[in-house]
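Here are the chains, one letter per residue:
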Amino acid sequence: MKKTIAFIFLLFSLWASAQNEQLAQNYYDRGEFEKAVVSYEELLKNNPGNSLFFQRTVDCYQQLQQFDKAEKALQARLEKFKQSNLLIELGYNYQLQKDESKAKKIYEQAIDKISKNVNEAYGIGYTFERKSLLDYALLAYKTATEIEPRLTFNSQIAVIYGQQGKTDLMIETYLIEAYQNPQNLPLIQSQLSRFMNEDADETFNDNLRKSLLLRAQKTQDIFWNDFLSWFFIQQKEYGKAFIQQKAIYKREPESFSNIVNLGQMAIEDNDQEAATEILTFVLQNTNDIDLIIQANSYLMEMKIENSQDKDYVAISQELDKLITEFGVSPYTLPLLRLQANFSAFQLKKPEQAKTILKNAMEMDLSRNQTAEVKMELADILLYEEKFNQALIYYSQVENDMSGDVLGQEASLKTAKTSYYKADFEWANHQLKVLKSASTQLIANDALDLFLLISDNTVEDSTQTALKKFARADFLLYQNKKQESLAQFQQILKEHKGEEIEAVTLLRIGKIYEKLGDFAKALESYQAIIANHKEGIYIDEALFFSAEIYADNLKDNEKAKPLYEQVILNHEDSIYSVEARKKYRQLRGDNNL
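Quick look at the structure, then.

With respect to the overall build of the protein chain
For the protein chain, the count of helices and strands is 32 helices and 0 strands. Over its C-alpha trace the protein chain gives a radius of gyration of 32 Å, far above what one expects of a compact globule, namely 25 Å for 592 residues. Its C-alpha atoms put the protein chain at 90 × 65 × 60 Å along the principal axes. Buried positions account for 47% of the 592 residues belonging to the protein chain. Put simply, of all contacts in the protein chain between residues at least 6 apart along the chain, 50% involve residues at least 24 apart.

As for empty space enclosed by the protein
A complete count under the given rule lists 2 cavities of 30 Å³ or more for this structure. Its volume calculated, the largest cavity comes out at about 70 Å³. The wall of the largest cavity is formed by N456, E459, D460, A465, L466, E498, E499 and I500. Residue composition of the lining of the largest cavity, by class: 3 nonpolar, 1 polar and 4 charged.

A closer look at unusual backbone geometry
Non-glycine residue K348 carries a positive phi angle of around 60°. In this structure, K348 sits in the loop between helix 19 (333–345) and helix 20 (350–361). The phi dihedral of K554 is positive, around 55°, even though this residue is not glycine. Within the secondary structure, K554 is located in the loop between helix 30 (538–552) and helix 31 (556–569). Looking at K554, the relative accessible area reads 62%, which means it is exposed.

Description of the nonpolar core
Membership of the largest hydrophobic core comes to 95 residues, with the highest contact counts inside it found for L319, Y419, L431, L452, I453, F469 and Y563. With near-sequence residues (within four places) excluded, F469 lies in contact with Y419, L452, F488, I491, I500, V503, T504 and R507. Residues Y61, I111, L133 and F223 belong to the second largest nonpolar core, which totals 85 residues.

Focus on the packing of helix 21 (residues 367–383) against helix 22 (residues 387–400)
Contact geometry of helix 21 with helix 22 gives a least axis separation of 8 Å together with a crossing angle of 160°. In terms of their interaxial angle, helix 21 and helix 22 are classed as roughly antiparallel. Crossing angle aside, the handedness with which helix 21 passes helix 22 is left-handed. Residues R367, A371, K374, M375, L377, A378, D379, L381 and L382 of helix 21 form the contact with helix 22, whose participating residues are F387, Q389, A390, Y393, Y394, Q396, V397 and D400. Of the residues in the contact of helix 21 with helix 22, the class split is 11 nonpolar, 2 polar and 4 charged.

Details of the side chain of E177
With respect to the helices and strands, E177 occurs in helix 10 (residues 167–180). Despite its burial, E177 pairs with no opposite charge, the nearest such side chain being R215 at 12 Å. Once residues lying within four places of it in the same chain are set aside, the contact partners of E177 are T152, N154, S155, N184 and I188.

A look at the environment of K514
Along the polypeptide, K514 turns up in helix 28 (residues 501–515). As a C-alpha pair, K514 and K481 span 33 residues in sequence and 8.5 Å in three-dimensional space. Setting aside chain neighbours within four positions, we find K514 in contact with Q308 and K481.

Re the pattern of salt bridges
If you walk through the whole model with that rule in mind, you get 31 salt bridges. The salt bridge partner of K582 is D551, with a shortest N-O separation of 3.7 Å. Here D551 lies in helix 30 and K582 lies in helix 32 (residues 576–587), a separation of 31 residues in the sequence. Looking at K582, the relative accessible area reads 14%, which means it is buried. What emerges from the salt-bridge pattern is a single network uniting D271, E547, D551, E578, K581 and K582.

Overview of helix 18 (residues 312–326)
Here helix 18 is 15 residues long and its end C-alpha atoms lie 21 Å apart, about the 21 Å a rise of 1.5 Å per residue gives. Within helix 18, the full set of buried residues consists of Y312, I315, L319, L322 and I323. In an axial view of helix 18, the angular spread of the buried residues amounts to 95°, which keeps them on one side of the axis. Pointing more than 90 degrees away from the buried face of helix 18 are the exposed residues V313, Q317, K321, T324 and E325. In the core, the buried residues of helix 18 are packed alongside helix 17 (289–305) and helix 19. Just beyond helix 18, the residue with positive phi is G327, at close to 85°.

Considering the packing of aromatic side chains
Tallied over the entire structure, the rule returns 34 aromatic pairs. Here the aromatic rings of F223 and F227 are separated by 6.1 Å at their centres, their planes lie at 80°, and the arrangement is edge-to-face. Linking F223 with F227, this pair stays in helix 13 (residues 222–234), spanning 4 residues, or about one helical turn. Overall, F223 belongs to the buried group, its relative accessible area being 16%. Judged by centre distance (6.0 Å) and plane angle (15°), the rings of W224 and F227 are stacked. With W224 and F227 both in helix 13 and 3 residues apart, this pair spans about one turn of that helix. On the basis of relative accessible area, F227 is assigned to the buried category, the value being 1%.

Observations regarding the side chain of S211
Here S211 shows up in helix 12 (residues 203–219). We classify S211 as buried; its relative accessible area is 11%. Among the polar contacts made by the side chain of S211, one reaches the side chain of E172 at a distance of 3.0 Å. Leaving out residues up to four positions away in the same chain, S211 has contacts with I171, E172 and L175.

Brief notes about helix 31
For helix 31, built from 14 residues, the straight-helix expectation of 20 Å at 1.5 Å per residue is met to within 8% by its first-to-last C-alpha distance of 20 Å. For helix 31, the complete set of buried residues consists of A559, L562, Y563, V566 and I567. Angular distribution of buried residues about the axis of helix 31 spans 140°; they occupy a single face of the element. In this structure, helix 31 carries E557, L568 and N569 as exposed residues pointing more than 90 degrees from its buried face.

The rules we used
Residues numbered from 1 in each chain as written. Predicted model: local features only at pLDDT ≥ 70, side-chain atom pairs only at ≥ 80, totals over all residues. Heavy atoms only, no water. Helix = DSSP H or I, 4+ residues; strand = E, 2+ residues; numbered from the N terminus. Rg over C-alpha atoms; globule rule 2.2 N^0.38 Å. Buried < 20%, exposed > 50% of the residue type's maximum accessible area, 1.4 Å probe, protein only. Contact = heavy atoms within 4.5 Å. 1 Å grid on protein atoms, 1.4 Å probe; cavity = no way out; pocket = protein on both sides within 12 Å on 5 of 7 lines; lining within 4 Å. Points joined across faces, edges and corners; volume = space filled by probe spheres on them. Nonpolar A, V, L, I, M, F, W, Y, C, P; charged D, E, K, R; others polar. Core = buried A, V, L, I, M, F, W, Y, C linked by side-chain atoms within 4.5 Å. Axes fitted to C-alpha atoms, helices over the stretch in contact; angles between N-to-C directions. Parallel < 35°, antiparallel > 145°, perpendicular 65-115°, else oblique. Left-handed = near helix turned anticlockwise from the far one by under 90°. Lys, Arg positive; Asp, Glu negative; His and termini not counted. Salt bridge = Lys/Arg side-chain N within 4 Å of Asp/Glu carboxyl O. Expected span 1.5 Å × (residues − 1). Arc of directions from axis to C-beta. Phe/Tyr/Trp six-rings, centres within 6.5 Å; stacked < 30°, edge-to-face > 60°. Polar contact = N/O pair within 3.5 Å; in protein donor to acceptor, adjacent residues only side chain to side chain.

Pasting the structure below:
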């Protein structure tokens, strides 16, 4: 019984202590230091060794300008525990009172501690950093390395240089650390990436590129080629990254998988020029049947994406030739799926497409391969407007591949099917979840569709325009470009000035692009730029216009200001990184 009572008492004491700590924390966070100090003094009394309670107590004294109390507490603790970091706290207490000479004297005492015990540098340097005393923190770390050169504080020193705005020194220090300790490379690249993304004037990126190039040229060490490849990937310059990976491959042929991965990244970012170059290189340098089939599939996919009706016969023959060459098996599934998709959406032969896929399902497929075939079959059933049958297959993939990217993709297609059926309420219910999908592309698509439905329901509760728009979108899904274009143009006439106008213009512009009528595409985008400046589609209109001028009309002088507007006025746009890359190329920053 006594043990039970003691145990209950112990639990109650722990609970009460936790409650008091939470109360003190709340007071402290809200800036109610008079109340916080009372709570922390009580906590410290019961837990005299707790460094957090002590630090918070001193902080409260300082916030209340009770510097004598803070000094007395610090002196007593320093005498008792002999912790060198308390010297810095004491010096900082003098600094808060504008007594710079006393503060400096104490700080120098802390640095002297390092001379007697080099291991003190870790705690002393960190405490100086925490107090934003960056010059002293640097001195602490440099003093330690002078005494013991085997110690390295490059990462800490680089961070400090970054905080001081000395990015050149930061770059050099990080690169030294990366080479000396390659195991720290991912962390270093993560830190550099943050500065690359935040630096708006490109100075940091240029300096990093030059430093990496200088090392690659000077040492001929493939470590720097690989680092340069990483740099260009961050910039989405896959062609330049490929040059570095080829240099590595010549010296280390076993690094071939890096080139394959690079090709996949270029495809995902829609850099078709770089992807084609990389995949062609893969085909020329491998005997791996899986890689050969995958590379051919990607190349054919890009051909189809950029094809016109006149190209279909040649593409069909090329697909047939590849499948004949490599045979019908689970290995050639990427080619079979592509053939089925091409048969349905380009050749308008859905029955032929379904036969290809149903035959494929008779093969000994993996779980992932089966899901891919079911997804393709659902796409074709949707093409045929067999909505319910399509939903059955999408749901099967969703359930079978739960937690996988393929499962999320099936969920998005389920939502789109509801949207095409004009079941907007159910579509938005599904899209709310998908907006937070782990795959950024799926999350972006889900958000775009969610906003389209939401924005066009506020003004028009009957969703009249939205229903017409969904039908036009479905025609576009079926690859019926002319019918879709006519529908969108009808929406413009009947719903001019309404919320749906801007996105309709955007769709029309994209269709004209696919049809190769760039003048009319630019007209649509210009209408958005002129009349919907505050809308959510302005960045896309600017970027797509710039792309037409740069890539199709070869008019760089018209493209540059459009890219520049995306960079300066739409930093949060998903096109801002690509716009920056293209703008720099047009400006002439093409040196490796």
